[in-house]
Amino acid sequence: MSTLTETQPKRMRSRGQAGDRVFAGLARGAGILILVVLAAVFVFLLVKGLPGFNASAATIGQGFTSFWDVGWPLLFGTILIAVLALIISVPFSIAIALFIAFYAPRRLAVPIGYIIDLLAAVPSIVFGLWGGQQLANSLRPVYSWLGTHASWFPLFKGPYAGTGRVGVTAVLVLAVMVLPITTAISREVFAQTPKLTQEAAIGLGATRWEVVKLSVFPHAKSGVIAGVMLGLGRALGETMAVVMVYSSSPRVTFNVISNSSPQTIASYIANNFAEANPDKRSMLIAAGLILFAVTFVVNFAARAAILRGERRMSR
Amino acid sequence: MSTASLPASSDWTRPSLPRYAPLYVAGLAIVVALLLKLLLGWDWAAAAIIAGILNLIALPVWSALTEGRRQAKDRLVTTLIWSAFVTICVPLVWVIVEVLGKGIPHLSWTFVTSTMRNHVPGPTGGIGAAIVGTLVITALATIIAVPIGLLAAIFLVEYGRGSRLARAVTFFVDVMTGIPSIVAGLFAAALFVLIFGPANQMGLTAGVALALLMLPTVIRSSEEMLRLVPDDLREASYALGVSKWRTILKVVVPTSIGGIVTGIMLAISRVIGETAPILVATGYLAGMNTNPFRQDQGMATLPTFIYDQYAHPDVASCALGQTCAPATWSMDRAWAAALVLIIIVMVLNLAGRIIGKIFAPKTGR
């Protein structure tokens, strides 16, 4: 390096080198900052939320005596609502992804992909407004039927709420909101499945469904599962769509068509944060920490699955 | 894969249904459902569901009787997938029709410019403060997220290729995409409470929360765009004796600027409709506040405006002791604000895509 210095104009070189060093440092710093920020999210929630785990009965209110009296039911409600939303949305997501990748007329496939992306762009507050007003209203007859004829089933035990603003309505709104995420990932995965085996299956006289079943699904399985997990992460953390559809309190129950549908962590935080004193706030942050931990694990697992799938594909 | 390359229904060794059989069956199912609706007085939803079920049963049965089991199964799955697509169009169309139908009648210049300060129950008041607040907070988020995101993307593409740090950053950026928006709000609130004390309601807090939600999108899209820049350009620049950082700033980034701007606009359109983080970090203010650094006052934004109208509707004045039903004024304002919000999001989305098309890197020459 030092021998080169003599042969080149001194000023230009040193300026360029200093600039290079500064810029490389900035870029690397930004990369490190991303990791620091993610760690900071965890640390700040921990620092502000830790006292909340020992919140007193007076702080929590609603007759609950300790944090976990609220924490467990909320965690239960969050997972129940999210999983129900996924049960509804996943078959549709896979069907739409298959539709775009294999079934739709070629000229329609691209615009349909755009339309599904459009669905993802609609703000959650608009979905909440629609769910709490229109959807809840139009589903009232369905709930009344379910409450009288299907009350043997734990989910529809009732008594059904006449407003229609209950857990199932939120589940349906969440299902619509999660759909674009799972669809987008599944679509990508379906598009990457090897063409040769598909053509071989066609050559052997397979029907279109047999092609999909025998040569697309086996390759796409891990990718689709990852997409489902990402959707789960979204459903677990969605706030407004749930807050605006039904209000409730933390309780463990499968009954999602009554006024006492279980509450989710996100909606509990959003409902209570504005009026909370600092003690209550730290209790709410503790609840947020649980939500963060759960979604982090789900997303981590999903991304790890995608990485594994990519490595296998490239091999 | 094109539809034409898949097995067609014409097969000379077996009997097969006519080419337009699915259309015939679908038409027949709709006609039957309409007749049932007229004769039995069902509503539209029930008739549509019956039509779907009839269609789902009739075609595979017909196919099973003439073509055989395998073809029938294939037809069943095809019908299922088409039905799924039609079903999913229902909520999308419903939301759009609802927002347009309820939003347009209340939209006016006074609505867009007036605020909810000193509001008395009634049809007056508007989203002036909310639009300003949304613009200020989103601008702050963009100012914070874009330089960091762009630099991180440059690090990933130009400096870190394959290094352990780069792989960790890529992975955790993906994980960050999944942070629930309300957790981002809680983080910003916790951070600012530690710095400024518990009374803080600064607009900047929400800006930080939104920046956190924007970062992953900005990084991923910029990274993809920077990777598209051909190495020839970099090497040509190095060969002329230009230093690496000047090459990046003068050659690599300008080449991919269209795609980077597209990514940024899509990221903005994603966070501009976020409600929960703003609710938690900054809170709602009825009046106008243009200063995001004021600790004692929150800011109005479009999403929190909609939520406030929805959660705390105007109550019509009525005699003492009577229960008063909430009037429709607040919902009118909420739908009109939702329409404005959706228009902003869609314009950002479209503009982003158009910019990306126009300034696409000119490769393959």
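These figures come from a predicted structure and were not determined experimentally.

## Some details on the overall build of chain A
Here is step 1: The number of helices and strands found in chain A is 13 helices and zero strands.
Here is step 2: Reading the secondary structure of chain A in the N-to-C direction produces α-α-α-α-α-α-α-α-α-α-α-α-α.
Here is step 3: Here the C-alpha atoms of chain A give a radius of gyration of 25 Å, more than 25% beyond the 20 Å that 2.2 N^0.38 yields for 315 residues.
Here is step 4: Projecting the C-alpha coordinates of chain A onto the three principal axes gives extents of approximately 90 × 65 × 30 Å.
Here is step 5: Counting all 315 residues of chain A, 51% fall into the buried class.
Here is step 6: Put simply, 80% of the contacts in chain A that link residues at least 6 apart link residues at least 24 apart.

## Overview of the overall build of chain B
Here is step 1: Each helix and strand counted, chain B has 14 helices and zero strands in total.
Here is step 2: Ordered by position in the sequence, the α and β elements of chain B form the string α-α-α-α-α-α-α-α-α-α-α-α-α-α.
Here is step 3: The C-alpha atoms of chain B give a radius of gyration of 28 Å, which is well past the 21 Å a tight globule of 365 residues would have.
Here is step 4: Taking the principal axes of its C-alpha atoms as reference, chain B extends roughly 85 × 75 × 35 Å.
Here is step 5: Across the 365 residues of chain B, 45% fall into the buried class.
Here is step 6: Here the contacts in chain B between residues at least 6 apart in sequence split such that 74% fall between residues at least 24 apart.

## Let's talk about the domain arrangement of chain B
Residue and element names in this part refer to chain B.
Here is step 1: Along its sequence, chain B is carved into domain 1 (12–105) and domain 2 (128–314 + 325–358).
Here is step 2: Centre-to-centre separation of domain 1 and domain 2, based on C-alpha positions: 42 Å.
Here is step 3: Residue-level contacts link five residues of domain 1 with five residues of domain 2.
Here is step 4: In terms of residue class, the side of domain 1 that touches domain 2 is made up of three nonpolar, one polar and one charged.

## Things to note about the confidence of the model for chain B
Residues and elements named next belong to chain B.
Here is step 1: Here chain B averages 86 in pLDDT, while 92% of its residues score no lower than 70.
Here is step 2: Low pLDDT, under 50, characterises residues 1–6; the predicted model gives this stretch 10 contacts beyond four residues in sequence or across chains.
Here is step 3: With pTM at 0.88, the complex prediction returns an ipTM value of 0.87.

## A look at the interface of chain A and chain B
Here is step 1: Contacts between the two partners involve 72 residues from chain A and, on the opposite side, 74 residues from chain B.
Here is step 2: Taken together, the residues of the side of chain A that touches chain B break down into 51 nonpolar, 14 polar and seven charged.

## What to know about helix H4 (residues 67–103) of chain A
Residue and element names in this part refer to chain A.
Here is step 1: Over its 37 residues, H4 runs 51 Å from end to end, which matches the ideal 54 Å to within 8%, given 1.5 Å per residue.
Here is step 2: Approximately 35° is the largest bend angle found in H4, and it occurs at serine 89, with the proline proline 91 only one to four residues beyond.
Here is step 3: In terms of residue burial, H4 counts as a mostly covered element, since 27 of its 37 residues are buried.

## Concerning the environment of A:Ala95
Here is step 1: Examined against the element boundaries, A:Ala95 turns out to sit in helix H4.
Here is step 2: Under the C-beta neighbour-count criterion, A:Ala95 is labelled buried, with 22 such atoms within 10 Å.
Here is step 3: Sequence spacing of A:Ala95 and A:Arg140 is 45 residues, and the spatial spacing of their C-alpha atoms is 28 Å.
Here is step 4: In contact with A:Ala95, other than residues within four places in its own chain, are B:Leu80, B:Ile81 and B:Ala84.

## Re the environment of A:Ser248
Residue and element names in this part refer to chain A.
Here is step 1: Counting through the fold element by element, serine 248 comes out in the loop between helix H11 (240–245) and helix H12 (265–272).
Here is step 2: Residues serine 248 and serine 261, 13 residues apart in the sequence, show an inter-C-alpha distance of 6.4 Å.
Here is step 3: In contact with serine 248, not counting residues within four places along its chain, are Ser260, Ser261, Pro262 and Gln263.

## Description of the domain arrangement of chain A
Here is step 1: The domains assigned to chain A are domain 1 (2–44) and domain 2 (55–314).
Here is step 2: Inter-centroid distance (C-alpha atoms) of domain 1 of chain A to domain 2 of chain A is 43 Å.

## Re unusual backbone geometry
Here is step 1: Not every positive phi belongs to a glycine, and B:Asn118 is a case in point at roughly 50°.
Here is step 2: Within the fold, B:Asn118 resides in the loop between helix H4 (109–113) and helix H5 (128–159).

## A closer look at the packing of helix H7 (residues 181–196) of chain B against helix H8 (residues 203–228) of chain B
Residue and element names in this part refer to chain B.
Here is step 1: Put simply, H7 and H8 touch, their axes get as near as 8 Å, and they point 135° apart. The pairing of H7 with H8 is recorded here as oblique in orientation. The interaxial crossing formed by H7 with H8 has right-handed handedness. Here Ser181, Ala184, Gly185, Phe187, Ala188, Ala189 and Phe192 of H7 come into contact with H8, specifically with Thr205, Ala206, Val208, Ala209, Leu212 and Leu213.

## Notes on the confidence of the model for chain A
Here is step 1: Summarising the model, chain A shows a mean pLDDT of 86, and 94% of its residues fall at 70 or more.
Here is step 2: Every residue in residues 1–11 of chain A scores below 50 in pLDDT, and together they form one contact with partners more than four places removed in sequence or on other chains.

## A few points about the nonpolar core
Here is step 1: Counting 200 residues, the largest nonpolar core has A:Leu98, A:Val126, A:Leu174, B:Phe187, B:Ala337 and B:Ala338 as the members making the most contacts within it.
Here is step 2: Counting residues per element, this core draws most heavily on H4(A), which supplies 21 residues.
Here is step 3: Here B:Ala338 is in contact with A:Val126, A:Leu129, B:Val99, B:Gly103 and B:Ile306, once residues within four sequence places are set aside.
Here is step 4: One finds B:Val25, B:Ala26, B:Ala33 and B:Ala51 within the second-largest nonpolar core, a separate group that totals six residues.

## Looking at the environment of A:Ala30
Here is step 1: Among the structural elements, A:Ala30 can be located in helix H2 (residues 10–49).
Here is step 2: The spacing of A:Ala30 and A:Pro250 is 220 residues in sequence and 41 Å in space, taken between C-alpha atoms.
Here is step 3: In this structure A:Ala30 touches B:Ile148, B:Leu151, B:Ala152 and B:Phe155, once residues within four positions along its chain are discounted.

Rules used in this analysis
Residues numbered from 1 in each chain as written. Chains lettered and ligands numbered in written order. Predicted model: local features only at pLDDT ≥ 70, side-chain atom pairs only at ≥ 80, totals over all residues. Helix = DSSP H or I, 4+ residues; strand = E, 2+ residues; numbered from the N terminus. Rg over C-alpha atoms; globule rule 2.2 N^0.38 Å. Buried ≥ 20, exposed ≤ 12 C-beta atoms within 10 Å, placed from the backbone. Contact = placed C-beta atoms within 7 Å. Domains from an automatic or database assignment. Nonpolar A, V, L, I, M, F, W, Y, C, P; charged D, E, K, R; others polar. pLDDT = per-residue confidence, 0-100. Expected span 1.5 Å × (residues − 1). Bend = angle between axes of the 7 residues up to and from the residue. Axes fitted to C-alpha atoms, helices over the stretch in contact; angles between N-to-C directions. Parallel < 35°, antiparallel > 145°, perpendicular 65-115°, else oblique. Left-handed = near helix turned anticlockwise from the far one by under 90°. Core = buried A, V, L, I, M, F, W, Y, C linked by C-beta atoms within 7 Å.

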